[in-house]
Amino acid sequence: MGNSTLRAVSPAGSSTRARGSGLAVFSVAFAFWITMAGTTAPTPLYPLYGDAFGFTPFTVTVVFAVYALGVVVGLLAFGRLSDQVGRRPVLIAATLLSVCAAVAFLLAQNVAAMLVARVVSGFSAALVTGAATASLAERLGQNSRVKPATLALFANMGGLACGTLLAGILANLAPSPLRTPWVVMLVLAAIGTLGVLLHGESSEHRSGFSLQFQPLHVPAEIRSDFLRSAMAGGAGFAVLGVLTAVTGLFLGTVLNESSHSLTGLVVFIAFACTAFGQLLVRTLKPSTELPVACLGLIGAAALIATAMATSTLTPLLAGAAVNGLATGIAVGHGIGSITTRSAPQHRGASVSTFFAILYSMLAVPAIGVGVLIRQTSLRPAGETFSAVVAALALGVLLSLVRPPKKAA
């Protein structure tokens, strides 16, 4: 879930002539998809890893959180790398990192190896997001029937959704549930690497490599809208993070459901609906986008709390879907504001700042829930977390209600 929208409207992507064949476009989209799929593949496997390595639910949340922190560091350190050295080298590096992460999980014998694999996954996601989205824009051109931003969105969110579902199905069907999913991911990531190796560079302009952290920037001209969008989107990302980290634990310990495919399905629904939520933004008036997102987040929190309180699956599935839609709307609103209303020279830094906030919200609350689970148990931790998310969304919603201006 990187800075895809900005990249899609970058000058490099505004060429009216597409550079690349349909196979090249497919190769970039597939590399994007499989790299993101590898980042969510561990989700249905966490309970198995917990049994194999003897760690607690808190450890699961930490293992998940280091991925998100890896994405944040990667975005800030390497967010401009594809502009500096080209799209192709960065795509090759991203898919190779995805291969390395799959190998690390395949050979993992302890938690330390899992932590390393998650950090590598975070870097791969940070690298592939901007490079793949820019490459798709450059290869398709503006006159393509398939919009680059739409293709990038479905490669990105589709990978996040399908990775967990594919791993869950393989874990259920395969004789070695902690090995077979990673063998498949490894093969697919290797195919993705080969695909981008076989095609040339799509960018005609490269500035040259220089390693420096991209400065954070909150655009002054849209500061209030930026912060509201980031807080609403961050609340939704927090739910996505917790669902990704502890859904398997909830299904196994509370519902006595040991199906890894079901765990994958819950997270698949959440991420797939996040993609559709970003598309749904186009059908809403700008003034209604954030209120609708906040109301959706509050409703999703209530559904998830209901699932915890009643130990039932249906509210959890509904909550995952509603949260995904609301999160997608909030993120789409925020990115739309940045790309259309902020100063062009600061848009890259603004988008990086926006996603740094979102991915921080993906990581930190998950660790907080892990601490609560350690102190109490899963059910009260989930209910408390849901209440905090609802309160945050309600705060954003109330901030949108402006008092009437007094007459001069």
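This is a predicted model, so every value here is computed, not measured.

Asks: I tried to follow the overall build of the chain on my own but got confused; where do I start?
Replies: Per the secondary structure count, the chain includes 15 helices and zero strands. Counting every position in the chain, which comprises 408 residues, the buried fraction comes to 57%. Nonlocal contacts in the chain, meaning residues at least 24 apart in sequence, comprise 87% of its contacts between residues at least 6 apart. Entry remark: accessible area of the chain is about 15,800 Å², with carbon and sulfur atoms responsible for 69%.

Asks: Even after reading the chapter, I still don't get the pattern of salt bridges, so can you show me in this structure?
Replies: Between side chains of opposite charge, a pair can form as their charged atoms come close. Evaluated as defined, the whole model comprises two salt bridges. In this structure, Arg 87 and Glu 138 form a salt bridge, with 2.7 Å as the shortest nitrogen-oxygen distance. Remark: Glu 138 occurs in helix 7 (residues 111–140) and Arg 87 occurs in helix 6 (residues 87–107); sequence separation between them is 51 residues. Here the two residues Arg 87 and Glu 138 agree in accessibility, since each one is buried. Between Arg 341 and Asp 225 there is a salt bridge, with its nearest N and O atoms 3.0 Å apart. Taken together, the residues span a long stretch of sequence, with Arg 341 in helix 13 (residues 314–341) and Asp 225 in helix 10 (residues 223–253) at a distance of 116 residues.

Asks: Help me understand the nonpolar core in this model?
Replies: Soluble, globular proteins show a tendency: their nonpolar side chains are buried together. Formed by 123 residues in total, the largest nonpolar core has its most connected members in Tyr 67, Trp 182, Phe 250, Phe 354, Phe 355 and Tyr 359. Counting residues per element, this core draws most heavily on helix 10, which supplies 14 residues.

Asks: Can you walk me through the side chain of Ser 124 in this structure?
Replies: Take Ser 124: it is sitting in helix 7. Leaving out residues up to four positions away in the same chain, Ser 124 has contacts with Thr 35, Thr 39, Ala 94, Leu 97 and Ser 98.

Asks: Please clarify how the environment of Met 361 should be interpreted in this entry.
Replies: You can see Met 361 is positioned in helix 14 (residues 347–375). Distance in space between the C-alpha atoms of Met 361 and Ala 235 is 7.0 Å, their sequence separation being 126 residues.

Asks: Sorry if this is basic, but what is going on with the environment of Leu 280 here?
Replies: Assignment of secondary structure puts Leu 280 in helix 11 (residues 260–280). The sequence separation of Leu 280 and Ile 329 amounts to 49 residues, and the corresponding C-alpha distance is 6.7 Å.

Asks: Could you clarify how one ought to interpret helix 6 in this entry?
Replies: Side chains of residues three or four places apart in an α-helix project in the same direction, reflecting 3.6 residues per turn. If you check helix 6, its first and last C-alpha atoms are 30 Å apart, about what 21 residues at 1.5 Å a residue would give, namely 30 Å. By the burial criterion, the buried members of helix 6 are Arg 87, Val 90, Leu 91, Ile 92, Ala 94, Thr 95, Ser 98, Val 99, Ala 101, Ala 102, Phe 105 and Leu 106. Those residues of helix 6 hidden inside the fold are in contact with helix 2 (22–40), helix 3 (46–53), helix 5 (81–85), helix 7 and helix 9 (180–197).

Asks: Even after reading the chapter, I still don't get unusual backbone geometry, so can you show me in this structure?
Replies: If a residue is not glycine, its phi is most likely negative; likewise, a peptide bond is most likely trans. Unlike most non-glycine residues, Asn 256 shows phi in positive territory, near 55°. In this structure, Asn 256 sits in the loop between helix 10 and helix 11.

Asks: Please clarify how the packing of aromatic side chains should be interpreted in this entry.
Replies: In this description, a pair of aromatic rings is defined by centroid distance and the angle of the planes. Applying the stated rule across the entire model yields 12 aromatic pairs. Taking 6.0 Å as the distance between ring centres and 45° as the angle between the ring planes, the aromatic pair formed by Tyr 49 and Phe 105 counts as tilted. Here Tyr 49 is found in helix 3, whereas its partner Phe 105 is found in helix 6, with 56 residues between them in sequence. You'll find Tyr 49 and Phe 105 in the same group, each marked buried. Each ring, one from Phe 154 and one from Phe 276, has its centre 5.8 Å from the other, and the planes form 75°; the classification is edge-to-face. Here the residue Phe 154 occupies a position in helix 8 (residues 148–173), and Phe 276 occupies one in helix 11, the gap between them amounting to 122 residues. Judged by relative accessible area, Phe 154 falls into the partly exposed class, the value being 33%. The exposure class assigned to Phe 276 is partly exposed, which follows from its relative accessible area of 46%. Among the aromatic residues, those joined into a cluster by ring pairs are Tyr 49, Phe 53, Phe 55, Phe 105 and Trp 182.

Asks: Could you clarify how one ought to interpret the packing of helix 2 against helix 8 in this entry?
Replies: For any two helices packed against each other, the geometry is given by the interaxial angle and the distance between the axes. At a minimum axis distance of 7 Å, the contact between helix 2 and helix 8 shows a crossing angle of 35°. In the crossing of helix 2 with helix 8, the sense of the turn from one axis to the other is right-handed. Facing Val 25, Ala 29, Phe 32, Trp 33, Met 36, Ala 37, Thr 39 and Thr 40 of helix 2, the residues of helix 8 in contact are Leu 151, Ala 152, Ala 155, Asn 156, Gly 158, Gly 159, Leu 160, Cys 162, Gly 163 and Thr 164. Classifying every residue of the contact of helix 2 with helix 8 gives 11 nonpolar, seven polar and no charged.

About the thresholds
Residues numbered from 1 in each chain as written. Predicted model: local features only at pLDDT ≥ 70, side-chain atom pairs only at ≥ 80, totals over all residues. Heavy atoms only, no water. Helix = DSSP H or I, 4+ residues; strand = E, 2+ residues; numbered from the N terminus. Buried < 20%, exposed > 50% of the residue type's maximum accessible area, 1.4 Å probe, protein only. Contact = heavy atoms within 4.5 Å. Areas by Shrake-Rupley, 256 points an atom, 1.4 Å probe, with all protein chains shown as cover. Salt bridge = Lys/Arg side-chain N within 4 Å of Asp/Glu carboxyl O. Core = buried A, V, L, I, M, F, W, Y, C linked by side-chain atoms within 4.5 Å. Expected span 1.5 Å × (residues − 1). Phe/Tyr/Trp six-rings, centres within 6.5 Å; stacked < 30°, edge-to-face > 60°. Axes fitted to C-alpha atoms, helices over the stretch in contact; angles between N-to-C directions. Left-handed = near helix turned anticlockwise from the far one by under 90°. Nonpolar A, V, L, I, M, F, W, Y, C, P; charged D, E, K, R; others polar.

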